[in-house]
Amino acid sequence: MIDVVQNLFFGCGVMPYNEANKAIYAKYTKQYTPDGEIRFLAANPDSKVNSVGTFLLNELAKREQGKEIYLYTDTNCIYQFYEHRGFERVGDQDIMLELQNGIDLKWLMYRKTL
């Protein structure tokens, strides 16, 4: 579903993103066998409730203990959030999203055994 939404809003501008996903994933699966992927984790920064993201990750860890998970993010997002919660960076790639004026960023992949 996320892929459909991205393609509707951004069209072929997400091709570098998709290509980076495939390349990084291929390297990752040479060493790890994932059980699942976090596809989208977001919290409203204006919310009066703190630590919603941390709560969600902790709850996932309780329910899926011992499972290998991975996720993609980029340097325009708060990737440090995952690093502070024990995720290990297992891949990165510089990409240019071809939107309006173009966006240079580094695409990142993280993993963690819950």
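Residues numbered from 1 in each chain as written. Predicted model: local features only at pLDDT ≥ 70, side-chain atom pairs only at ≥ 80, totals over all residues. Heavy atoms only, no water.

Engineer: Is there a simple way to think about the overall build of the protein in this case?
Structural biologist: In terms of helices and strands, the protein carries four helices and four strands. Each helix (α) and strand (β) of the protein, taken in turn from the N terminus, gives the series α-α-β-α-β-α-β-β. Put simply, 69% of the contacts in the protein that link residues at least 6 apart link residues at least 24 apart. When the accessible surface of the protein is totalled, it reaches about 7,900 Å², and 52% of it is carbon and sulfur. (Helix = DSSP H or I, 4+ residues; strand = E, 2+ residues; numbered from the N terminus. Contact = heavy atoms within 4.5 Å. Areas by Shrake-Rupley, 256 points an atom, 1.4 Å probe, with all protein chains shown as cover.)

Engineer: What is the right way to read the side chain of Glu68 from this model?
Structural biologist: Among the secondary structure elements, Glu68 is positioned in strand S2 (residues 68–74). Side-chain polar atoms of Glu68 contact the side chain of Thr113, separated by 3.0 Å. In this structure, Glu68 is in contact with Tyr28, Tyr32, Thr33, Pro34, Asp35, Gly36, Arg111, Lys112 and Thr113, ignoring residues within four places of it in sequence. (Polar contact = N/O pair within 3.5 Å; in protein donor to acceptor, adjacent residues only side chain to side chain.)

Engineer: Can you walk me through the pattern of salt bridges in this structure?
Structural biologist: Between side chains of opposite charge, a pair can form as their charged atoms come close. Per the counting criterion, the structure on display carries ten salt bridges. With its nearest N and O atoms 2.8 Å apart, the salt bridge here joins Lys67 to Glu64. The class for Lys67 is partly exposed, based on a relative accessible area of 36%. Between Asp92 and Lys106 there is a salt bridge, with its nearest N and O atoms 3.7 Å apart. Taken together, the residues Asp92 in strand S3 (residues 88–97) and Lys106 in strand S4 (residues 103–113) connect sequence positions 14 residues apart. On the accessibility criterion, Lys106 (25% relative accessible area) is partly exposed. (Salt bridge = Lys/Arg side-chain N within 4 Å of Asp/Glu carboxyl O. Buried < 20%, exposed > 50% of the residue type's maximum accessible area, 1.4 Å probe, protein only.)

Engineer: Would you mind showing me how to read a nonpolar patch on the surface here?
Structural biologist: Where nonpolar side chains cluster on the molecular surface, the patch consists of Val49, Val52, Phe55 and Leu56 and spans about 350 Å² of accessible area. Relative to the elements of secondary structure, Val52 occurs in helix H3 (residues 52–63). (Patch = residues over 30% accessible without salt bridge, like charges linked within 9 Å, V, L, I, M, F, W, Y side chains within 5 Å.)

Engineer: What is the right way to read the environment of Ala61 from this model?
Structural biologist: Tracing the chain through its elements places Ala61 in helix H3. The class of Ala61 is partly exposed, set by a relative accessible area of 26%. As a C-alpha pair, Ala61 and Lys112 span 51 residues in sequence and 9.9 Å in three-dimensional space.

Engineer: How should I be thinking about the pairing of S2 in this particular structure?
Structural biologist: Moving residue by residue along a regular strand, the side chains alternate between the two faces of the sheet. Counting buried residues in S2 gives seven out of seven residues, a clear majority hidden from the surface. Note that strand S1 (residues 36–38) and S2 share three bridges and pair parallel. Counterpart to Ile38 in the pairing with S2 is Leu71. Handedness of the crossover is the feature at issue here: the chain leaves S1, passes through H3, returns alongside S2, and the resulting connection is right-handed. (Pairing = 2+ DSSP bridges. Right-handed = clockwise from strand over helix to strand, strands pointing away.)

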